[in-house]
Amino acid sequence: MDTIQQRPITIMIADDHKLFAQGLSAILSGQSNFKVIGMAANGKEILHLLNHQLPDVLILDLNMPVLDGEIAAEKVTQLFPSVKIMALSMYYTSKLSAKLENIGVKAFVQKDTNAETLFEIITGIHQGKKYFQKAKTDALASSVFNDGDHFQKSHNLTAREMEILKLISEDYSSQQIAEKLFIALNTVDTHRKNMAQKLNVTGKAGLLKFALENKLR
């Protein structure tokens, strides 16, 4: 009996956290309907890859060095409009979600999304659908943290520092933060020191107090 062999959905991944990218690639490659055809560590690298081969879907981390995900998304939609972009981030706001949708991104999801949901979203956007998560709670969406740019810029914090400060507010240890964000422990400690200096507080207790006072939990 003849069967129709469906072509797998081809995927590229752009994320500067090597362990996360490799783990995501392994999970996707374990599905017969997906095929990972390229990986990059920043926006510049992914644009170089796209000049040589186009995937059906590009999974793009927003917080990357050299050329960040938001700028890379704009360039990809302009230069390679056939590529469906899924943006991934730990830092999620309704404002950013709307901005990405306006750019032409097809999905925006948080990095803690489970594998089954991720598979469904990839398949859906390949078929022409869109997927934009809502903020987890109304309280979180209206908090100073998720008010986003103003709070971040007024305290001169980077997107990565905002991620770490949010996790500190949830009482994560440095080791737990390193594991969750797939970064080195000394990198977390460096971010802690930089934030303490910027916010004029002392140590973890000072950062936790600041986070709670500003309703980051």
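Definitions and cut-offs
- Residues numbered from 1 in each chain as written.
- Predicted model: local features only at pLDDT ≥ 70, side-chain atom pairs only at ≥ 80, totals over all residues.
- Heavy atoms only, no water.
- Buried < 20%, exposed > 50% of the residue type's maximum accessible area, 1.4 Å probe, protein only.
- Helix = DSSP H or I, 4+ residues; strand = E, 2+ residues; numbered from the N terminus.
- Pairing = 2+ DSSP bridges.
- Right-handed = clockwise from strand over helix to strand, strands pointing away.
- Polar contact = N/O pair within 3.5 Å; in protein donor to acceptor, adjacent residues only side chain to side chain.
- Contact = heavy atoms within 4.5 Å.
- Core = buried A, V, L, I, M, F, W, Y, C linked by side-chain atoms within 4.5 Å.
- Salt bridge = Lys/Arg side-chain N within 4 Å of Asp/Glu carboxyl O.

The protein chain goes by Two component transcriptional regulator, LuxR family in an unreviewed UniProt entry, where it is assigned to Pedobacter suwonensis.

**Overview of the pairing of strand β4 (residues 84–89)**
Successive side chains on a regular strand alternate, one facing one side of the sheet and the next facing the other. Taken across its six residues, β4 has five buried, putting it largely inside the fold. With five bridges joining them, strand β3 (residues 57–61) and β4 adopt parallel strand pairing. Within the sheet, the bridge partner assigned to Ile-59 lies in β4 and is Met-86. Handedness of the crossover joining β3 and β4 through helix α3 (residues 69–79): right-handed. Pairing between β4 and strand β5 (residues 107–110): four bridges, direction parallel. In the strand pairing of β5, Ala-87 is matched with Phe-108. With respect to chirality, the unit in which β4 leads through helix α4 (residues 94–103) into the neighbouring parallel β5 is right-handed.

**Brief notes about the side chain of Asp-61**
Along the polypeptide, Asp-61 turns up in strand β3. Of the polar contacts made by the side chain of Asp-61, one reaches the side chain of Lys-111; its length is 3.5 Å. Excluding residues that lie within four positions of it along the chain, Asp-61 makes contacts with Ala-14, Asp-15, Asp-16, Gly-69, Leu-88, Ser-89 and Lys-111.

**Some remarks on the nonpolar core**
By size, the foremost hydrophobic cluster in this structure holds 24 residues, and its most contacted members are Leu-50, Leu-58, Leu-60, Val-76 and Leu-100. Every element with two or more residues in this core is listed here: β1 (9–14), α2 (43–50), β3, α3, β4 and α4. Counting 20 residues, the second largest nonpolar core, distinct from the first, contains Leu-24, Val-36, Ala-107 and Ile-125.

**Points about the pattern of salt bridges**
Applying the stated rule across the entire model yields nine salt bridges. Between Glu-101 and Lys-130 there is a salt bridge whose closest N-O contact spans 3.8 Å. Of this pair, Glu-101 sits in helix α4 while Lys-130 sits in the loop between α5 (115–126) and β6 (131–132), placing them 29 residues apart in sequence. Since its relative accessible area comes to 48%, Lys-130 is described here as partly exposed. Across the pair Glu-170 and Lys-166 runs a salt bridge whose closest N-O atoms are separated by 2.0 Å. With relative accessibility at 12%, the residue Lys-166 sits in the buried group. Through salt bridges with shared partners, a single ionic network connects Asp-15, Asp-61 and Lys-111.

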